[in-house]
Amino acid sequence: MNTKTTIILLVILALLGAAVYFFKDEPAKGFREEEKMVAGFDSATITQIRVENAERNEKVVLAKSGEEWEMREPIKGAADSAQARMLADFFSTYEGMRLGKVGDSSVNLAQLGLDKPRIVLEIEGATAAPVKALIGGDDLKGSDLFVQVGDAVFRTRRTIYNSAAKPANEFRDHRVFTLSSFDVKTVEISRGGSAVVLTKEDSDWKLTAPFRGRADAALVSKMTSAIGNLRIQTFTSDAPSTLAPYGLDTPGITVTIRAGEKAQTIRVGKTDGDVTFVQREGLANVWAVPEVDFSCFRKSADDLRDGTAIGSFAHDSFKSITWKGTAGELEFQFDTAKRAGRLSKPREADVDRDAFEAALASLDGLKAASFLPAPAPAEHLAAVQEGRFVSVLLKDATKATKILVGKPIDGGTVVQREGDEYLLVVPTEKLAFLSRPMVEFVSKELLSIDSYVAGHAEIDVTAPSGAGDAPRKNLVYAKNDSAKWTVKGATEEHKGFADLADSLWHAKATEILSEEPEKTAAANAQIEVRVYRKLYNDPQGEEKEKERVATLRFSKDSSGQWLGWGINGKEPKGGFVGKVSAELPDKILALAFATSADTAPSSQPASSQPAGADTKK
C-alpha cells in the first residue's frame, strides 16, 4: 500500500467518524414507534359496542349487563361474552404505528381504504367521549391494516377486523344452558309423563326418581359435560308463528337443571337429520342442536343405574373389610406395619395372604352382569335381607360401601347396595369366598415375630411321664449386647436355645382349627413360651408384662396330637389353635429335660426357682 492510498483511507475513516458523532442521535429516516391508539382507554368500563359492517350490510349493537353481554340489535338476546371481550379489549391490548392525520399530504384515505371503510366501530364508556374507529384496507403483507381513530391514522394488527367482521349471529350466545355445569345440583328429564331425576349428594350423583340408587358416574359425567358444552348450531327461528314444524308444540322431552335458586328448562322437539330442535323456556327462539351432543338426555332411568357393586380400590387402600357368609361374620383391618390385612373379628389373627388377596381381587371393581327390573321383585328383596353382606371402608372414605347378598339365580347372584332400590346380578364366582370356612383365611403361622424384636424368653414346661424328679421347669433366656442368646445371668451363648429360637418366632400349624382356644386341650398348656422385648432393670409383674410381644402354647389332645396356640401381642388371649408337628414341642422338651449340662440350663422344681424367675402363664 503506497502513501497516497493510505492518506485517502484515513480521510474516509475520519469522515465516517464525524458522521457517527454528528448524527448518532438522529433516528433513521422513515422509522416510527408504535403507540396507544386511544389514550386512557379502559375496557373494564365499556357500556356499549356498535359494529356497522358495510361488507355484510349488518349492524350489531352489544351492551354490557352486569358481568354478561347482551345483544340489542339486530335482535334482543344474550350475546357471546367472549366475542364481545375481543372487541372491547383490542385498543387496550394492541398499539398502532401512527402514519399521520386526516388532511396530511402523506395520508391518502382512498389508498388506505378509509374513504369507504369496511367497518365502523363505536365504543362507549371506555373514555370520556365515545371512541369511533374506521377500519380500512389491508397493507401489502396482509398481516396489518389501516385504522382511523378520530383524525389519526394508524397501521395496526388485522385482529380488529377478524373480530368485528363476523356475521351478526356469531355475536349471539350459542349456549343452550347458561348456568354453569359446575354449580348444577339437579337434572330432571321428563318423558312420556314420567321423570328421571338425578341429584348431586356431596360429590356423588344419585337417582332420586323414579327410584333411588347410585347413578352411573361415567354417564352422568357425559350429561353434565353436555350441559356445559351444548351449543346452538343454527338459530332456526327467532319468532316462529307456530312450533308444530319443530315438534315443540308437544315436546317429547323436557330437561330442567337447577343450580341453587336458579333453574333453566329446555323443550326438545323433532330430530331432522343430525340436528334436534330445542327451545328454552321463557324465550320464543327455536334452535337446532347437534343430535350427537344431545343423545345422553335420552337415557332412561334403567340406563343410568350404576352397575358397580363395589368400586375399584388398591389392596392397601382399605381401612376395613367385613363380610358375613357361611362361617359367620368376619372383619379384617389393614395392618399398617405389615401392609396387609389382619383378621380382627371374631378373633385377632394374621391372615392367609393368598386366600385374603383372592377375596380382595374378587371384590375389586365388582360389577353387575345385569340388573333386575326396578322396583325390585319382592322375593329377591326378601332374599337379600337374610343377613349375608360385604362391607368395604376405604381409608379416604367417611362411609363404607355395603352390599347385601341374596340368592343365586340364572346368570349370577342377586345383590343390593345399601341405599339403592334396585338390584344387581353379579357373577356368582366373584362371591365364592363367602362360602369358605373362616379358618381358610387364617395364617398357619402361629407366631410372626421379627428376630430383632425378641430380647427375652421364658418357657414353662411340664415333664412328660418318666422324665425324672423335676415335674415342671422354668427356663429363662436373654439376648446379650452381642445379640447372643444366653441363660439368664450367664455370659456365654446357649447353643441349644439359639438353634431353637427362629423356629419359635415362626411356629406354624399344619391345620387351623375353628374351635375357640379355651375349649381345646391347648387351654391347659404343657409348654408355654412367653416372648418379651429386651428387659432392663429386672422389671417385675405388670411392668414386665407391658413388654410381652407374644405367647405360644403347646398341648396334646386326647388322641395324642400336638396342638399349638399362638397369640401375637401382650394380652395372652385371642388367636387360633392349630394342629402342629411334634418336632417343635419335642425339641422344647428335650431342651428342658436334657441330661447334658452344656445343652440345657440348670433348673430346679418350680417351687424352688431362683429369685426373679417367673412362672406366670
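In this text, all values refer to a predicted model and were calculated from it rather than measured experimentally.

Engineer: Got a sec to walk through the overall build of the chain? Specific residues and values, please.
Structural biologist: Check the secondary structure of the chain and you find 10 helices and 36 strands. A principal-axis box enclosing the C-alpha atoms of the chain has dimensions of 135 × 100 × 45 Å. In the chain, buried positions account for 43% of the 617 residues. A separation threshold of at least 6 residues defines the contact pool for the chain, and within that pool the share at least 24 residues apart is 60%. When the accessible area of the chain is evaluated, it comes to approximately 31600 Å², of which 49% is carbon and sulfur surface. With 80 positive and 88 negative side-chain charges, the chain shows a separation of 1 Å between the mean positions of the two kinds.

Engineer: Which residues make up the sheet that holds strand E30 (residues 472–479), and what values go with them?
Structural biologist: If you walk across this open sheet you meet the 8 strands as E31-E30-E29-E33-E34-E35-E36-E32, and the pairing is antiparallel. Edge strands, defined here as strands with exactly one partner in the open sheet, are strand E31 (485–487) and strand E32 (511–512). Strand direction decides the pairing type here: strand E33 (residues 527–532) and strand E34 (residues 548–556), joined by 6 bridges, are antiparallel. Bridging from a neighbouring strand, Glu528 pairs with Arg553 of E34. The strands touched by helix H8 (residues 495–505) within the sheet are strand E29 (456–462), E30, E31, E33 and E34, with E31 carrying the most contacts at an inclination of about 115°. In this fold helix H10 (residues 583–592) packs onto E29, E30, E33, E34 and strand E35 (562–568), with an angle of close to 90° to the strand it touches most, E29.

Engineer: Describe helix H2 (residues 81–93), with residues and values.
Structural biologist: With 13 residues, H2 should reach 18 Å at 1.5 Å per residue; the first-to-last C-alpha distance of 17 Å fits that figure. Most pronounced at Leu87, the bend in H2 amounts to some 30°. Of the positions making up H2, those classed as buried are Ser81, Gln83, Ala84, Leu87, Ala88, Phe90 and Phe91. The N-terminus of H2 is capped by Asp80, whose side-chain oxygen sits 2.9 Å from the backbone nitrogen of Ala82.

Engineer: Break down unusual backbone geometry for me, with residues and values.
Structural biologist: Of note, the amide linkage connecting Glu73 to Pro74 takes the cis form, showing an omega dihedral of 5°. Among the secondary structure elements, Pro74 is positioned in the loop between strand E4 (68–73) and strand E5 (77–78). The phi dihedral of Asp202 is positive, around 60°, even though this residue is not glycine. Checked against the element boundaries, Asp202 lands in the loop between strand E12 (194–201) and strand E13 (204–209). On the basis of relative accessible area, Asp202 is assigned to the exposed category, the value being 77%.

Engineer: Quick one: what's the story with the packing of aromatic side chains, residue by residue and with numbers?
Structural biologist: Per the stated rule, a full pass over the model turns up 17 aromatic pairs. Taking the centre distance of 5.2 Å and the plane angle of 75° together, the rings of Trp485 and Phe497 count as edge-to-face. In this pair, Trp485 sits in strand E31 while Phe497 sits in helix H8, placing the two residues 12 residues apart along the sequence. When sorted by exposure, Trp485 lands in the same class as Phe497, which is buried. Ring-pair connections join several aromatic residues into one group, and the members of that group are Phe318, Trp323, Phe332, Phe334, Phe356, Phe433 and Phe441. Across from the ring centre of Phe334, 3.7 Å away, lies the NZ or CZ of Lys395, which sits over that ring. The ring centre of Trp565 lies 5.1 Å from the NZ or CZ of Arg553, which sits over that ring.

Engineer: Report on the environment of Gly137, specifying residues and quantitative values.
Structural biologist: Here Gly137 is to be found in strand E8 (residues 131–138). Setting aside chain neighbours within four positions, we find Gly137 in contact with Leu112, Gly113, Arg118, Leu145 and Phe146.

Engineer: For the pattern of salt bridges, give the residues involved together with the corresponding values.
Structural biologist: With the rule as written, the count across this model stands at 38 salt bridges. One salt bridge in this structure joins Glu68 and Arg175, with 4.0 Å as the shortest N-O distance. Within this pair, whereas Glu68 is found in strand E4, its partner Arg175 is found in the loop between helix H3 (159–164) and strand E11 (186–191), the two being separated by 107 residues in sequence. With a relative accessible area of 40%, Glu68 lands in the partly exposed category. Across the pair Arg298 and Glu291 runs a salt bridge, and its minimum N-O distance is 3.0 Å. Taking the relative accessible area as the measure of exposure, Glu291 reaches 17% and is therefore buried. One continuous salt-bridge network, built from bridges that share partners, spans Glu458, Asp460, Glu528, Arg530, Lys544 and Arg553.

Engineer: Please set out the sheet that holds strand E1 (residues 34–35) residue by residue, giving values where relevant.
Structural biologist: Spatial ordering of the open sheet is given by E1-E6-E10-E9-E8-E7-E2-E3-E4-E5, a layout of 10 strands whose pairing is antiparallel. Two strands in the sheet have a free side with no partner beyond their single neighbour: E1 and E5. Of the strands in this sheet, strand E2 (48–53), strand E3 (58–65), E4, strand E7 (119–124), E8, strand E9 (144–149) and strand E10 (152–157) touch H2, which is tilted by about 95° from E4.

Conventions adopted
Residues numbered from 1 in each chain as written. Predicted model: local features only at pLDDT ≥ 70, side-chain atom pairs only at ≥ 80, totals over all residues. Heavy atoms only, no water. Helix = DSSP H or I, 4+ residues; strand = E, 2+ residues; numbered from the N terminus. Buried < 20%, exposed > 50% of the residue type's maximum accessible area, 1.4 Å probe, protein only. Contact = heavy atoms within 4.5 Å. Areas by Shrake-Rupley, 256 points an atom, 1.4 Å probe, with all protein chains shown as cover. Lys, Arg positive; Asp, Glu negative; His and termini not counted. Charge placed at Lys NZ, Arg CZ, Asp CG, Glu CD. Pairing = 2+ DSSP bridges. Axes fitted to C-alpha atoms, helices over the stretch in contact; angles between N-to-C directions. Expected span 1.5 Å × (residues − 1). Bend = angle between axes of the 7 residues up to and from the residue. Polar contact = N/O pair within 3.5 Å; in protein donor to acceptor, adjacent residues only side chain to side chain. Phe/Tyr/Trp six-rings, centres within 6.5 Å; stacked < 30°, edge-to-face > 60°. Lys NZ or Arg CZ within 6 Å of the ring centre and 35° of its normal. Salt bridge = Lys/Arg side-chain N within 4 Å of Asp/Glu carboxyl O.

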